[in-house]
Every structure is written in structure tokens, then in C-alpha cells.
Amino acid sequence: MKDASPQTIYLKDYTPPAYLVEKVDLTFRLAPSATRVLSKISFKPNPASQSRDFFLHGEQLKLISAKIDGKSITPEVVEGGIKADVPDAPFIWEAEVEIDPAGNTALEGLYMSGGMYSTQCEAEGFRKITFYPDRPDVLAPFSVRIESDMPVLLSNGNKGAMGDGFAEWHDPWPKPAYLFALVAGDLVNHPDTFTTMSGKEVELNIWVRKDDIGKCAFGIDALKRSMKWDEEVYGREYDLDIFNIVAVDDFNMGAMENKGLNIFNSSCVLASPATSTDATFERIEAIVAHEYFHNWTGNRITCRDWFQLCLKEGLTVFRDQQFTGDMRSHAVKRIDDAQLLRSNQFKEDAGPLAHPVRPESFVEINNFYTVTVYEKGAEIIGMLKRLVGDEGYAKALDLYFDRHDGDAATIEDWIKVFEDATGRDLSQFKLWYSQAGTPRLKIREEWNDATFTLHIAQETLPTPGQPNKVPLVIPVAVGLLGANGDEVVPTQILELTQAEQSFSFSGLGSRPIPSILRDFSAPVILEREQSAEEQAFLLAHDTDPFNKWEAGQLLARDVLLAMIESGDTDDKGYIDALRRALRDESLDPAFRAKLLALPTEEALSIALAARGVVPDPDLIHEQREAFRLSIAQHALIELSNIYLIHQVHGPYAPSAEQAGKRALTNAALNFISLVDGGAAATSQFAGADNMTQEYEALCALLRIDAGQEELLSFADSWKDDRLVMDMWFRAQVACANPADAVAIARNLARHKKFDWKNPNRFRAVFGALAMNHAGFNAIDGSGYDLLADWLIKLDPVNPQTTARVSGSFQSWTRYDEDRKAKAEAALTRIKSTPNLSRDTTEMVTRLLSK
Ligand code: TRP
Ligand code: ZN
């Protein structure tokens, strides 16, 4: 059981640990429902602490025996752990506990999944394995002995003695308990090697169940490219003899960076052309890189406490974004990241779950692995890099690795290395970590005496617990274009530091057209009146690819908002501008695919709410569909040409180049399907020899309420492949006509293959439902009710996943009184469920607080 009375933990209450650990020895005697864990831990008093209270975390542990310096003791059982009297000098703690991996459905601690043993310790799962100071500022070298008749026995570090029924592992690098991992199972490996920059050969493996051995090649290649990239770009070399990755089917999140033994949700590492889409390949490449990069940013330098989570996650996301940009296209990656930030993080900032990148309090830390901590955390690093320049950034990072290797560090340490390396005062910049909410920039232009002036005002709206906001340091990248499209002033960074500021450009021959916030230089919202002509001009001429794309988005958004708000169907030149861009063969196909993506219904809903309009999800859907049809009719020639010209012929490769072409042809296919009754999609599905073409055709058909035969044949072909069947479940809900989405989700949840205890399958249906904007927000409240029913059912089994998916309710206050009343009733019903977990209780309490 989790603690009965959930406590709030505060950043300001941090105190150093009373005891440090010098060495950990663990022995695991594995048995499905009665695993014995023997620990022998060398403690010593921490000179930096005044306290001599000895407390060890422990949850759901059956204590068999405990000893201090060889003498049996009976520890005092307290909330969340145990206490004992210990000498005021170094001593040895020994304990034996029993745990139940087979009964562990929460997937936290040591658990069984598909017949194998696996662990997940971040953030606070190690305390479900044995008694320990389970906090990230207690670091120690671990030695592990596993006793089991499973053929493959893995843990962190380098190999030790191995024999029949046992294996030993030694991890020489001091680490906090959250990076501990153990795997035991009937697994096979896809092996490889990597030679590091200093000439050391590292053994690499991806471990999977026999059936999945054909899906490892891409992951191992991504791993080798990540290792090379981190050496070349950050000077970081791998530091053990072996690096193992294991694929696990039941996993709460994407993947975990355990030292030398990364554990992956199988959906985030297993890939083959027949079963994975291009998007999946790209995602796997990024996640493999992300977990590998944690070896330095997270493991060698870890976090002092969980409030510092963004120290490792923001930086590691930033690094994986750079990596993907280098592997593929920087322009397209920047657009992807900005879209994710705007649709998910700006949404979080605008609702009841808003919190700073470094939160000041939490009840359950698992609820703070958020898009704010991760993605906005990465944006802060991108801004720092813009402000200090590439060289300043490189110097600061070298100093960071130098100064803090082996430390459990803080955001203060991080900021300090930038100050020391560059001489810059970053005290105001640091507010980005503590102030929640998305800054809005109001822009006013002035043209006078050959001088062009931008007046910029910043404002951040109140967020829960933070009614008053202060000005931030905001790097605004600006370039100026002449009337003929030439760049008259190349990109420069304007540093906004005050509530209102003006920036002038003099000596200009004629009034320029500004391109503002190039490359999305800061995670802010621009509020400005801009004519459709100017947007079309920037779509045609902007030299900054991000703002070129952005201009098309803004033009489309304004057309759509006018359609929704007043029924005005004038397309303001958008379709002609789009047709020109589609015909422009100098533009990268992947980039043109991005141009073809209209603002999502969610994005339109956010935009309306920001204008003080209560969004009507059904109307938004209807008008957006009408506009899509109009585009399909008026740009049919360009769309059909693109569909023909950019088809990939020859063998499939998950390369950026091929993926870009498929993204473009499939974006076109979705429009074409609106006017050809699905003919092109039907034949693409029938002739597909890879999953991208097959799946995209299926989705295009489902979006026009067709594809029922294809759904059957898809299920028949892929019934034995769990990951592909997740896609089958998801597509039906995500691509459903909103009027049918709830009923489809309800029926799929009764399907015999709906294994609701598997987080991937649960999210395939209910994560997808929440993403069907008009479907989830059905006026009769059926979407809210169905999700509430299933969250209540899942909570006792898996609190972490329940709490995460409950975030789907985060925008409930945006809608009309009817919808609000129904959402509130659903949330209240969840909240009043007896024995609701701490995780879900915290989430619904925050969601309901006004
Ligand atoms: N540290 C992991 C990452 O970002 C994420 C993570 C945190 C996680 N808690 C988890 C993964 C629980 C799985 C389960 O790479
Ligand atoms: Zn991470």
C-alpha cells in the first residue's frame, strides 16, 4: 500500500542525507511470487549533515531479517520505511526481504512481464526492492549476484563471475538507486561492437524474446550512431565494457537509462520495415539516443533531488533534438518540436496542471515527468545556447562535465557553469526555471525616417499558485525582408529583458517585412495583427524555414478561425500560396509535408480560447473538414502530381530521404481521398510492401469513414504482432469520425485482444480517444464517462499509467457549461473512488482545483 496520508514534498525543505553509502552488495534469489533480496550495505555518517537519524525507504517489502555490523536487530517500522539505532561511525547494514514480482502490476520495482523479470526504479521504485536511502543524492558502486534458472541474467556495469544458475555484475561508477536495473529471462541477443574514441572496444547487445530477433538491427545502428555523435559533438566517451538494451512489453513509459542496462518499452526499440512506420523508426532513433545520452547527462552527473529533474531531462532532450537534426533535417525537426510544444506544453501551461520547469512542490514525483519538464526544459537550454553563442555553450558544457562529474547537481550548478564560462550574469534568465506559464509577446511596428522599430511587450498570465509574473529574458530572433523578398537585415537576436522594449533598425531604403521569432527562438506566443498578404509573402520568401512554414500555418489558422467564428469562407489566398509551395521542387519533400499539415483541432481550440471565445469542438471539426475538402478540390492537380512524382520505388529504407517522400505523398493522399472516394488509398493499401504505406493508407480510409475491409485484413495479417495490433487499435479511435469515436473505443475495450493491463494497449485506445478532440469532448459527456470508468478500473492495478492518462482531462475548463459540468462530474467520480492511489488523487485534485 502507498502511504495513507499523501504528503507534499517541498524543494525548500531539502536537507542532505544523514548517511552516505560506500558500497552495495545485492543478491537476488529469483522466484515469481517470492523473490528473496539480500543486501549488504556499507554506510558512513555524512559530515555534511547534522542529523544522525537512520531512515531507510521501503514499501511492500516483507522483512525476513536485519543486522547491523553482524548483529540481528528489529528495526522500527515507520511510514514509508524503517528506522534503527546505528553507531556514530561507519557500519554495515544487512537485510533479507521477500517481494512478489508476479503480483506487481504497477510495473514499478521488480516485476514480471511476459515470463521475464524486469525492473523500473526511477523515480522511487528501488524502495520496493529492498530497504535503502532511495534518493538521488546517495551514490554508491553496486555489485549484484542473480540466482535463477533463467538463461539470461543481466544487471548494471561490467560482467563478473557467471555460471550455471547465477551471474554477477559489478558497476564501478557510483550511482543512485534509481539507476539500478536487473533483467532475467529467456532472451536472445542481437550483438554488435563499438570502438570508442580512445580505442576501447565495447560489447553491445539488444536483448529480446526469440520472436523479436528480426527487429533489432535498426536500434543497434541507432545506438552506434549515438555513441559516435556524443564523442564528436560533446566529447563524451562510453565508460563500461558493455552496453545492454532490453525490450520489455509491459512498461509505463518509453525507456529508462539504467547504467549500462537500458530498458525499453518494446514499442520504442523494436522495428522492421514490415511492421514499423517511418515515424516509428524516427522515434526509436531519438529514444535510443536519448537514453544513451543520459549516460553523461543524468548518470555521470545526476540530480541532487527530484525537483532538479529538468537538469537531466531538459538537457538530454535538447541533445537528442540536436542529434535528430544532424541525422535528418534541422528545419523539419524544429517544426516538429515547436508543434509538440505548442500543442502539448502550451496546453499544460494554460490549464490547471501548469507548473514551473523546476516545480517547487509535489505529492507524487511520477506526476512531474511532464512535457513542461522535458520539452520546455529543452527549450530553456536552446535559449541559453542562443544567448551565449555556440562557443560559449561548448565552453560551458565542457566545464559542466569537468566540474560536476560524479555529482548530484542542481539547476544552480548548471547556471553557474554558464556564468563562469561566459562571464554573463544569468540571474534574470534563471527565472525561466521557476516561473510557470507561456509568455505572450505583443508586437507593434513603426516605420519612420528610414528607421523600422519593433515595440515588443511581454506578459505571462497567472498560473495556479503564481498570480503575479515578472519579465523574463527572451531571445527573439528577427530578420528583415525587402519588398522583393531579399533579406535586408539577416537574423539577429534581440534580447528582451523588460516588460516593454523597442528595437530599431535604421538606414533602410523602404519599409521592410519583419520575420519574427525565427527558428522558434523562444517558447512564447506571438500576438500580432498580420495581414494575409504579408503571411503569403513570408510563406513565399522567408529564408528562415521555420518562419516560412509558420507563415503558412498562420494564414491557414486565420482562415479557419474566420470560418469557425463567422462562417466567412474566403480563403485569403491560402490555397494559391499552398499550391505554389507544393509546386516548388526546390523545397525538401519532408518540409512540404509539414506545409500540408493544417493546424489541429486542438490548436484551433486553444487559439479560440486565447481570444476569449468558448470553443465548440463539433463546429471546429466541421469547419476544418470543410476547409480540407476545399483544399483537396482546388489543389487537386498539385496534390495528384505530388502523389505520383514522389512515390518511392525500390526497396524500403527508413532513411530521412525516403521518409520525407512518403510523408509528402501520404499527406497528399489524405486530401486526395476526400475527392476520389478512397480509390488511391485502397490501391496503396493493397499494394503496400511496408508498414508506412499500409498504415497511412488505412488511416486515410478510416478518416473518410471507409476501410472496414482493410481493417479486417490488417488484423488478420498482424494478429500475432503486439506492436502492430496496438496500431490497429489506435488508428480506429484516432481516425474515427468524432460522432463514432466513443462507441468505437467502448467496443474495442471489449475486444478479446484488449489487454487493458498492458499500458501500450490501454493507451492505444484511451490515449487515442483523448486525442480525438471532438470525439472525446462529445456534448453528451460520454467520452468523459468512458474514460473515467476505465481510469477507475485501472487505478488499483497501475496507478502511474492511470495518473498519466487522467491528464487527458486537463483542458476541461476551456469548454461550455454543459461540457464543463459533465467533465467535472466525471472527475469528481474518479476522485471519490475508495482507495484511489496517491498518483491519481494528486492529478484529479489538481485538475479540479479552480
Ligand atoms: N528517465 C526516463 C527517460 O526520460 C523516463 C522515466 C522516468 C521512466 N520514470 C520512468 C521510464 C518510469 C519508465 C518508467 O528517459
Ligand atoms: Zn530522459
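Because the structure is predicted, anything quoted here is derived from the model rather than measured.

A. Region of interest: the overall build of the chain. Each helix and strand in the chain was counted, giving 26 helices and 31 strands. Rg of the C-alpha trace for the chain: 27 Å, near the compact-globule value of 29 Å for 850 residues, within the 12% margin. Across its three principal axes, the chain shows a C-alpha extent of roughly 85 × 65 × 60 Å. When burial is assessed residue by residue, the chain has 60% of its 850 residues classed as buried.

B. How the structure looks around the sheet that holds strand E14 (residues 158–163). In spatial order, the strands read E6-E5-E9-E3-E2-E12-E15-E14; together these eight strands make up an open sheet with mixed pairing. Edge strands, defined here as strands with exactly one partner in the open sheet, are strand E6 (71–72) and E14. As paired elements, strand E3 (residues 35–45) and strand E9 (residues 91–99) share nine bridges and run antiparallel to each other. Note on E9: the bridge partner recorded for Lys40 is Glu94.

C. Seen up close, the sheet that holds strand E4 (residues 54–57). Strand order in the open sheet formed by three strands is E4-E8-E7, and the pairing between neighbours is antiparallel. The open sheet has two free edges, formed respectively by E4 and strand E7 (76–78), since each of these has just one partner strand. Within this sheet the neighbouring strands show an average axis-to-axis angle of 30°, counted without direction. As paired strands, E4 and strand E8 (residues 81–84) are joined by four bridges and run antiparallel to one another. Looking across to E8, one finds that His57 is bridged to Gly81.

D. Main features of the state of the cysteines. Tallying each qualifying case throughout the model produces zero disulfides. Cysteine Cys699 shares no disulfide, and the gap to the nearest cysteine sulfur, in Cys735, comes to 3.7 Å. By relative accessible area, Cys699 is classed as buried at 3%.

E. Quick peek at the domain arrangement of the chain. Under the domain assignment used here, the chain contains domain 1 (1–101 + 121–151), domain 2 (303–433) and domain 3 (617–848). Tallying the contact residues gives 14 residues for domain 1 and 21 residues for domain 2. Summing the contributions of domain 1 and of domain 2, the shared interface buries around 1,400 Å²; its carbon and sulfur component is 61%. Three residues stand out in domain 1 for area buried against domain 2, namely Leu11, Glu122 and Pro136, and they jointly supply 41% of the buried area on that side.

F. Looking closely at the coordination of the zinc ion (ligand 2). Bound to the zinc ion (ligand 2) are the protein donor atoms His290 (NE2), His294 (NE2) and Glu313 (OE), situated 1.9 to 2.1 Å from the metal. Sequence spacing among the residues donating to the zinc ion (ligand 2) works out to H-x3-H-x18-E. Side by side, His290 and His294 carry an identical accessibility label, which is buried.

G. Representation of helix H20 (residues 738–748). Regarding H20, the residues found buried are Pro738, Ala741, Val742, Ala745 and Leu748. Angularly, the buried residues of H20 cover 135° about the axis, an arc narrow enough to put them on a single face. Close packing links the buried residues of H20 with helix H13 (617–634), helix H19 (722–734), helix H21 (759–771), helix H22 (773–776) and helix H23 (782–794).

H. Region of interest: the packing of aromatic side chains. Inspection of every chain in the model, using the stated rule, returns 46 aromatic pairs. Each ring, one from Trp229 and one from Phe323, has its centre 5.8 Å from the other, and the planes form 85°; the classification is edge-to-face. Of the two residues, Trp229 sits in helix H1 (residues 217–234) while Phe323 sits in helix H3 (residues 309–327), which places them 94 residues apart along the sequence. Residue classification places Trp229 among the buried positions, given a relative accessible area of 4%. With relative accessibility at 0%, the residue Phe323 sits in the buried group. Seen from their ring centres, Tyr292 and Phe293 are 6.2 Å apart, and the 65° between their planes marks the pair as edge-to-face. This pair shows no difference in class: Tyr292 is buried, exactly as Phe293 is. Its guanidinium or amino end placed over the ring of Trp296, Arg236 lies 4.6 Å from that ring's centre, counting from NZ or CZ.

I. A look at helix H5 (residues 371–404). With 34 residues, H5 should reach 50 Å at 1.5 Å per residue; the first-to-last C-alpha distance of 26 Å falls well below that figure. Within H5, the axis deviates most sharply at Gly389, by approximately 115°. Gly406 sits one or two positions beyond H5 and adopts a positive phi of about 90°.

What counts and how
Residues numbered from 1 in each chain as written. Chains lettered and ligands numbered in written order. Predicted model: local features only at pLDDT ≥ 70, side-chain atom pairs only at ≥ 80, totals over all residues. Heavy atoms only, no water. Helix = DSSP H or I, 4+ residues; strand = E, 2+ residues; numbered from the N terminus. Rg over C-alpha atoms; globule rule 2.2 N^0.38 Å. Buried < 20%, exposed > 50% of the residue type's maximum accessible area, 1.4 Å probe, protein only. Pairing = 2+ DSSP bridges. Axes fitted to C-alpha atoms, helices over the stretch in contact; angles between N-to-C directions. Disulfide = S-S within 2.5 Å. Domains from an automatic or database assignment. Contact = heavy atoms within 4.5 Å. Buried area = accessible area lost by both parts, 1.4 Å probe. Donors = N, O, S within 2.8 Å, 3.2 Å for Na, K, Ca; no water. Arc of directions from axis to C-beta. Phe/Tyr/Trp six-rings, centres within 6.5 Å; stacked < 30°, edge-to-face > 60°. Lys NZ or Arg CZ within 6 Å of the ring centre and 35° of its normal. Expected span 1.5 Å × (residues − 1). Bend = angle between axes of the 7 residues up to and from the residue.

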